[in-house]
Amino acid sequence: MDFKYINMRYLLLLFTASLTFFSCRTQEIKNTHIDKSALTAEKLISAKGYEMRMRGIDFFASGKEPFWSIAIDFEQNVYFKSEGLDKDVIISIRKLIQDVEKPESNYQIKGEGINLRIHIKPNANPFIYDETNKPYTVQIEAKRNKDTDWQIYQGQGEYFGKLTLHDIWGLTELNGKSVSDYQIIEEPYVEIHLDNNRMSGFLGCNVFGGPCYFGRGKIVTGPLMSTKKACLNSNIEADFAQALSNKSFLYKVDNGILTLWNDQSKLIFKKRD
């Protein structure tokens, strides 16, 4: 028997098997890479927040003792569940009227066999945002038709900003004045982070960062901290910082254009590629 022939044949089979393995492995990596964008989106935005936004939920709150939760889609339904109820409650609201400028919201909704009163107001410090502290305190009062007393539930909640906000936005217009009129070298911008309720950006010379939180169709900014580098032609720095810091804005995102406005200011941004 020719052992050299057997060894050569064995090496050829091993080489062929290796090619097959690495070919399959490469295909596996390519397939994994295809799905990375979705995984990245879920990583950038908290899993719960991402899921809620994808379902069209605008507001979510929960509490304990007993455990309860409420999810509101302002165009469709209120979803309420509690350990003290026989079944989950779904109430169609179609259209719920709310003045988004008001700091507190009170709703009363009648469903099949149950009434809900919903009270939402900003937390003592809505800019502290983590797993234990949400921007809003919430009280739910629920009464089934067969009950004589209202059951009270207390907890915390948050409004979800639109997914399209989670991006980098170049400032194009500030209170009716084009950014190009400021004759600056680099365009100011703001980056909105839905995953931790923060914003950061560039004022035109210095960089900045600060907290924010969301309401129904609005964004509320906290104090913005910036670097202190000396700058030439710094007029836009002061104007941009003053317009953006510690303010409440209504917002609209349309075809890659973000508009923030209130009674004092109007800022227009374009999505960066």
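Just so it is clear, the structure is predicted and the values come from calculations on it, not from any experiment.

Enquirer: Looking at this structure, how should I read the environment of N123?
Expert: By the secondary structure assignment, N123 is in the loop between β6 (114–122) and β7 (136–144). Along the chain, N123 and G157 lie 34 residues apart, while their C-alpha atoms are 9.3 Å from each other. Apart from residues lying up to four places away in sequence, N123 is in contact with N133, K134, P135, Y136, T137 and Q156.

Enquirer: Got a minute to help me understand the pattern of salt bridges in this structure?
Expert: Once their charged atoms are close, side chains differing in charge can pair, the charge on each being opposite to the other. The full count for this structure, using the stated rule, is 8 salt bridges. Of the charged contacts in the structure, one is a salt bridge between D86 and K146, with a shortest N-O distance of 3.9 Å. In this pair, D86 is assigned in the loop between β3 (77–82) and β4 (89–92) and K146 in the loop between β7 and β8 (151–159), connecting sequence segments 60 residues apart. By relative accessible area, D86 is classed as exposed at 68%. E141 is paired through a salt bridge with R117; the nearest N and O atoms lie 3.0 Å apart. With a gap of 24 residues between them, E141 in strand β7 and R117 in strand β6 connect regions that are remote in the sequence. Its relative accessible area of 11% is what places E141 among the buried residues. Shared partners join several salt bridges into a network, and the residues in it are D86, R144, K146 and D147.

Cut-offs and rules
Numbering of residues starts from 1 in every chain and runs along the sequence as written. Where local features are concerned, this predicted model is filtered to residues with pLDDT of at least 70; where side-chain atom pairs are given and counted, the filter is 80 or more; whole-chain, interface and lining totals use all residues. Hydrogen atoms and water are omitted, and side-chain values are computed over all heavy atoms in the structure. Strands here are runs of E lasting at least two residues and helices are runs of H or I lasting at least four, both read from the DSSP assignment and numbered beginning at the N terminus. In what follows, a contact means two residues having at least one pair of non-hydrogen atoms within 4.5 Å. Any carboxyl oxygen of Asp or Glu that lies within 4 Å of a side-chain nitrogen of Lys or Arg is treated as forming a salt bridge with it. Three labels apply to residues, based on accessible area from a 1.4 Å probe with only protein chains included: buried if under 20% of the type maximum, exposed if over 50%, partly exposed otherwise in between.

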